[in-house]
Amino acid sequence: MKRFLSVLLFGAVAAVALVRAAGTDGDISFEYHSYDELRKALVSVWLQCPTITRIYTIGESFEGRELLVLEMSDNPGTHVPGEPEFKYIGNMHGNEAVGRELLIYLAQYLCNQYQQGNETILDLIHSTRIHIMPSMNPDGFEKAAFQPGEIKDWFVGRSNAQGVDLNRNFPDLDRIIYINEREGGANNHLLQNMKKAVDENTKLAPETKAVIHWIMDIPFVLSANLHGGDVVANYPYDETRTGSTHEYSASPDDVIFKSLAKAYSMYNPVMSDPDRPPCRKNDDDSSFTDGITNGGAWYSVPGGMQDFNYLSSNCFEITLELSCDKFPSEDTLKTHWEQNRDSLVNYIEQVHRGVKGFVRDLQGNSISNATISVEGIDHDITTAKDGDYWRLLAPGNYKVAASAPGYLTVIKKVAVPYSPATRVDFELESLMERKEEEREELMDWWKMMSETLNF
């Protein structure tokens, strides 16, 4: 962390001249950023909007580059009870560079618009804790970016510096959940209390381990993982149930995942174009509809980050393929930004859907790690440390239950609109309190009977 702070101070000095650039898209410099330039760009945003931003690192790449995150919130550095957490991750494959740049531009845009008083952006930052990681694979990007010539090789820089494909490197929780579907077992949080096992797993890259800890430490609600090579919003499950290459693999939350994916694709004119030709002549995009696709229906991906989020935590993640070319020429970046800007903002807003609230005991104390279940959807989530929860749901009528060890379960009926999220709080009665009440009721009954019968 000390090393990062010294880098931050150096970057701050180098970025001072950039701070004065504020305002519209015209003030964003649409160019590729090396690792050092990425650092300076994030510091520039921090200097421009210091009251709503924070820069932190979740760890280092194999070659020692920081995995940097820019946080945007009206209380940076703090989880505000009741406020949902959102994240964007770019550049997981180092040679898929468009997403990396779009996230840098997004940070600059949100800061600019916040200062200009854009009500949508003001509301979003005041009600959401947003985490932006432009590059999960900075080593791969450096390798890809510094190839000679304008046209970049399709594979150079895809993996990390160890040669590990980070989007095949996460624990394969799909295999576990498919067994549990058949034989019974947990329907989520499949890595609970296994942080030590993650650290000791020599097959996991340092970038993968850092992101796993990040996912497990912060109560993320919604996320997107930005890729390149096609143009589509991809939703879980990514890995097929039978092991076949192409097979629609619905998660329990298939309905809301489709809605989330469409919330992105509908604002991207290229992604949502039904007449868009395939990126390459022989590409199979037959699973694409309205700019979205189920992951398994497109092609099976074992060990991916998208499904890991869904099966290890409360976080719902989709994968966004943003460009046919993985590393297009720099003069196309402005067009890519214009195609994706509204989608990027609209997708963050989706975190405020479904139901939300607090789970407390009868004395008003928060109950952390309580289970929130929805009848008919076999995927539970849990409350955060303050007893707060967020459960993404499509519009409809639901029965939502809150339960915790040692407490009586409470079930409530709720009508859910498209947005905003419906507030549903729960008060759980302790089993010990119920037993004490029953004992007192029994004693009162015995006393009454004794007096009546002159015992």
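Rules and cut-offs
- Residues numbered from 1 in each chain as written.
- Predicted model: local features only at pLDDT ≥ 70, side-chain atom pairs only at ≥ 80, totals over all residues.
- Heavy atoms only, no water.
- Axes fitted to C-alpha atoms, helices over the stretch in contact; angles between N-to-C directions.
- Helix = DSSP H or I, 4+ residues; strand = E, 2+ residues; numbered from the N terminus.
- Parallel < 35°, antiparallel > 145°, perpendicular 65-115°, else oblique.
- Contact = heavy atoms within 4.5 Å.
- Nonpolar A, V, L, I, M, F, W, Y, C, P; charged D, E, K, R; others polar.
- Left-handed = near helix turned anticlockwise from the far one by under 90°.
- Disulfide = S-S within 2.5 Å.
- Buried < 20%, exposed > 50% of the residue type's maximum accessible area, 1.4 Å probe, protein only.
- Pairing = 2+ DSSP bridges.
- Salt bridge = Lys/Arg side-chain N within 4 Å of Asp/Glu carboxyl O.
- Phe/Tyr/Trp six-rings, centres within 6.5 Å; stacked < 30°, edge-to-face > 60°.

Overview of the packing of helix H6 (residues 173–183) against helix H11 (residues 305–312)
- Two elements in contact, H6 and H11, have axes separated by 9 Å at closest approach and are oriented at 50°. The pairing of H6 with H11 is recorded here as oblique in orientation. In this structure, H6 contributes Leu-173, Asp-174 and Ile-177 to the contact, and H11 contributes Asp-307, Phe-308, Leu-311 and Ser-312.
- By residue class, the composition of the contact of H6 with H11 is 4 nonpolar, 1 polar and 2 charged.

Points about the packing of helix H2 (residues 35–48) against helix H3 (residues 98–116)
- Taken N-terminus to C-terminus, the directions of H2 and H3 make an angle of 15°; their axes are 10 Å apart at the nearest point. Our classification of the angle between H2 and H3 gives roughly parallel. The crossing of H2 and H3 is left-handed. The residues of H3 that touch H2, namely those facing Tyr-35, Leu-38, Ala-41, Val-45 and Gln-48, are Arg-100, Ile-104, Ala-107, Gln-108, Cys-111, Asn-112 and Gln-115.

Overview of the state of the cysteines
- Within this structure, the stated rule accounts for 2 disulfides.
- When the cysteines engaged in disulfides are numbered in sequence order, the chain pairs them as 1-2, 3-4.

Looking at the pairing of strand S12 (residues 388–391)
- Of the two faces of S12, the one holding Asp-388 and Trp-390 and the one holding Tyr-389 and Arg-391 are both buried throughout.
- Of the strand pairs in this sheet, strand S9 (residues 355–361) and S12 are connected by 4 bridges, and their pairing is antiparallel. Within S12, the position partnered with Gly-357 by the bridge is Tyr-389.

Overview of the pattern of salt bridges
- In the structure shown here, the tally under the stated rule is 22 salt bridges.
- Between Arg-65 and Glu-63 there is a salt bridge whose closest N-O contact spans 2.7 Å.
- Linking Asp-230 and Arg-276 is a salt bridge whose minimum nitrogen-to-oxygen distance equals 3.5 Å. Of the two residues, Asp-230 is situated in strand S6 (residues 230–235) and Arg-276 in the loop between helix H9 (254–265) and strand S7 (292–294); the sequence distance between them amounts to 46 residues.
- Residue Asp-230 is classed as buried on the basis of its relative accessible area, which comes to 5%.
- A network of salt bridges, in which partner residues are shared, links Arg-54, Glu-71, Glu-85 and Arg-129.

What about the packing of aromatic side chains?
- Under the defined criterion, the tally for this structure stands at 20 aromatic pairs.
- Where Tyr-109 meets Trp-337, the ring centres are 5.6 Å apart and the plane angle is 65°; that geometry is what we call edge-to-face. One end of the pair, Tyr-109, is in helix H3; the other, Trp-337, is in helix H12 (residues 333–349), with 228 residues separating them in the sequence. Accessibility classification places Tyr-109 together with Trp-337 in one group, the buried group.
- Taking the centre distance of 6.3 Å and the plane angle of 50° together, the rings of Tyr-389 and Phe-426 count as tilted. On the criterion of sequence distance, the pair formed by Tyr-389 in strand S12 and Phe-426 in strand S16 (residues 426–428) is long-range, its members being 37 residues apart.
- Of the residues examined, Tyr-389 reaches a relative accessible area of 0% and is grouped as buried.

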